[in-house]
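Residue-level structure breakdown
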Amino acid sequence: MEFAEFIKTPMVNSVTLRRPFMEPMEGTLCVTGHQLILSSRRDDHEELWLLHSVVDSVEKRLSGAGGTVTLKCKDFVHLQLELPTAEDCLNVAASVEQLSNIDDINLKYPFFYRPMFEVLENGWEAFQPEREFGRFKEISDDWRLSYVNSGFSVCSTYPQAVIVPKAVDDETLIKAASFRMGGRFPVFSFFHRESKAVLMRSSQPLTGQSNRRCKEDEKLINCVLGKGRRGYIVDTRAQTVAKMAQSKGGGYEPECHYPQWRRIHQPIERRQAFHDSLIKMIEASSDSGATMDKWLSKLESSAWLTHIKDILTTACVVAQCMDKEGTPVLVHGAEGTDTTLLVSSLAQLILDKDCRTVNGFEALIEREWVQAGHPFRFRCAKSAYAISKQRHESPVFILFMDCVWQIWTQFPCSFEFNENFLIMLVQHAYSSQFGTFLCNNEAERKDHKLRERTVSLWSYLNTPETIQKYINPLYDPNNSVIWPSVAPQSLTLWNGLYLRGQVNPGPQEEAWTEITKIRQYDKELTSKVKKLRQQLASLTKEAVGAKVILPSAVESAGDEIKAH
């Protein structure tokens, strides 16, 4: 298939672009296989490069001799293109509609993209399981790196290397995998150094209506318990939902077979409900003519903030079990690829200061989402504006980022990254020139040879000139566990992501620029004072050693310190 067959009009002159809070831009529009490119005629040569894959819906309206094409994007940005003729309007709209809905993964832009920056670090190698396992040297006596899933023969959605208890051999793992949905047997997720508690995750057990038993599965999760100790199984489904799953072959861990584990049900809606909720929330946010009461009512009925509350509450329960009681926790829902990952990753963010750094957060996304088998290609195929609704799509990753943002707003000095870092990650999950979020799991990435054929997002982000844009100027490392509030007044709508068309970001960006300047000046001043103190100490030491008083030099350094 050739892209050219979808491009009815490759170039149009005298096109005007209109964007919220920006001056109109007129220029020449070019339609390529992967992008819309608008080049301005002005002296500053302003340009717009828009990937077709970011477009969620295309709306066209004819008026007079010309027409307007409205592009509603997956990252909640709206763009309007005013074209000089009706024919151009219809042709451009049809071209973008078709090019934005190409399903063939081999035709996606990451396979054609060539980086314009120097790759200092190969992002594909940055967070491999072997390297992550090395971070937890304290568990090396009790846990091991297993390649039982080599060739993805045991579980198609797990990576080839997983961390498992040393006391369990690979044969036991294979039998335990047959007892878990999709073969997702319990694996290591996180070690809480302060309490020595371990977090594991899996999918639901396949107990069925006959209460089927698997001794290998019982052995696998029981071996993480010390003598006389108990653990918690946190099920992200309501108890009624878990029981209903039994009729379809799924189920939950019965107490008679797992006596050392206490099962806690922390209900989170299924992924299908998330998409409906997002659509309603975006509709409410776009209703600029609604009164405050009506807008709040529509926002509440969307249940978006309710989902966030439930997710954060469950993550806090897991974190509390590990931190306060020092007990191991196993988290699972049904498939183990959506709500399970939401909870396991947020619990780590609450407990571990390293996850709040740029590099640590990238590692968290890589191991708990990308390598753990969250199906990005399915979930992020469409967003809130798509006319056709697909069965597998769901804004699970957006919910994760929203939950992170909620915690970030409550602890603004505890995170090394800023709000734009989170927004940027949402954008790349839905449309990107990089291959990081391109497939559903590691098996697919290997099949399509993503490491050889595409560039990793982490390679780009970790270049010094790029990452500097996403550093939080207020960052002050916080070694403590942070406990977010889930009270209704503590959870707010993420204006920076969902309301970019209604709320002007300019004043906020100016404020952050000033804060950055002040913090930079403060750092420079602190550094200068430190040097002066060292100079003063050195002069004093020399004077004492020589039994000579150097009043002028000492007083000069002391006066300068006082001045600063």
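Now for a description of the structure that goes with this document. The shown structure was predicted, so the numbers you read here are calculated from the model rather than taken from an experiment.

Some points on unusual backbone geometry
Despite not being glycine, Phe-152 has its phi angle at roughly 55 degrees, a positive value. Tracing the chain through its elements places Phe-152 in the loop between β8 (143-146) and β9 (162-165). Not every positive phi belongs to a glycine, and Lys-196 is a case in point at roughly 65 degrees. With respect to the element layout, Lys-196 can be found in the loop between β10 (187-192) and β11 (197-201). Judged by its relative accessible area of 54%, Lys-196 is exposed.

So, the packing of aromatic side chains
Think of a pair of aromatic rings as described by two things: how far the centres are apart, and how the planes are tilted against each other in angle. Within the structure shown, the criterion is met by 28 aromatic pairs. Taking 6.2 Å as the distance between ring centres and 80 degrees as the angle between the ring planes, the aromatic pair formed by Trp-494 and Tyr-498 counts as edge-to-face. Note on accessibility: Trp-494 and Tyr-498 belong to one class, buried. Three or more aromatic residues joined by ring pairs make a cluster, and in this case those are Phe-127, Phe-361, Trp-369, Phe-376, Phe-397, Phe-400, Phe-415, Phe-417, Phe-421, Phe-437, Trp-458 and Tyr-470.

Some words on the nonpolar core
Formed by 121 residues in total, the largest nonpolar core has its most connected members in Phe-185, Phe-361, Ile-365 and Phe-400. Not counting the four nearest positions on each side in its chain, Ile-365 is found in contact with Val-370, Phe-397, Phe-400, Met-401, Leu-425, Phe-437 and Trp-458. Residues Val-15, Leu-29, Val-58 and Val-92 belong to the second largest nonpolar core, which totals 29 residues.

Digging into the side chain of Arg-356
As for its placement among the helices and strands, Arg-356 is situated in the loop between α10 (339-351) and α11 (358-370). Buried and unpaired, Arg-356 has Asp-352 as its nearest opposite-charge partner, separated by 6.5 Å. Excluding residues that lie within four positions of it along the chain, Arg-356 makes contacts with Leu-349, Ile-350, Leu-351, Ser-414, Phe-415, Glu-416, Phe-417, Asn-478, Ser-480, Val-481 and Ile-482.

Procedures and definitions
Residues numbered from 1 in each chain as written. Predicted model: local features only at pLDDT ≥ 70, side-chain atom pairs only at ≥ 80, totals over all residues. Heavy atoms only, no water. Helix = DSSP H or I, 4+ residues; strand = E, 2+ residues; numbered from the N terminus. Buried < 20%, exposed > 50% of the residue type's maximum accessible area, 1.4 Å probe, protein only. Phe/Tyr/Trp six-rings, centres within 6.5 Å; stacked < 30°, edge-to-face > 60°. Core = buried A, V, L, I, M, F, W, Y, C linked by side-chain atoms within 4.5 Å. Contact = heavy atoms within 4.5 Å. Lys, Arg positive; Asp, Glu negative; His and termini not counted. Salt bridge = Lys/Arg side-chain N within 4 Å of Asp/Glu carboxyl O.

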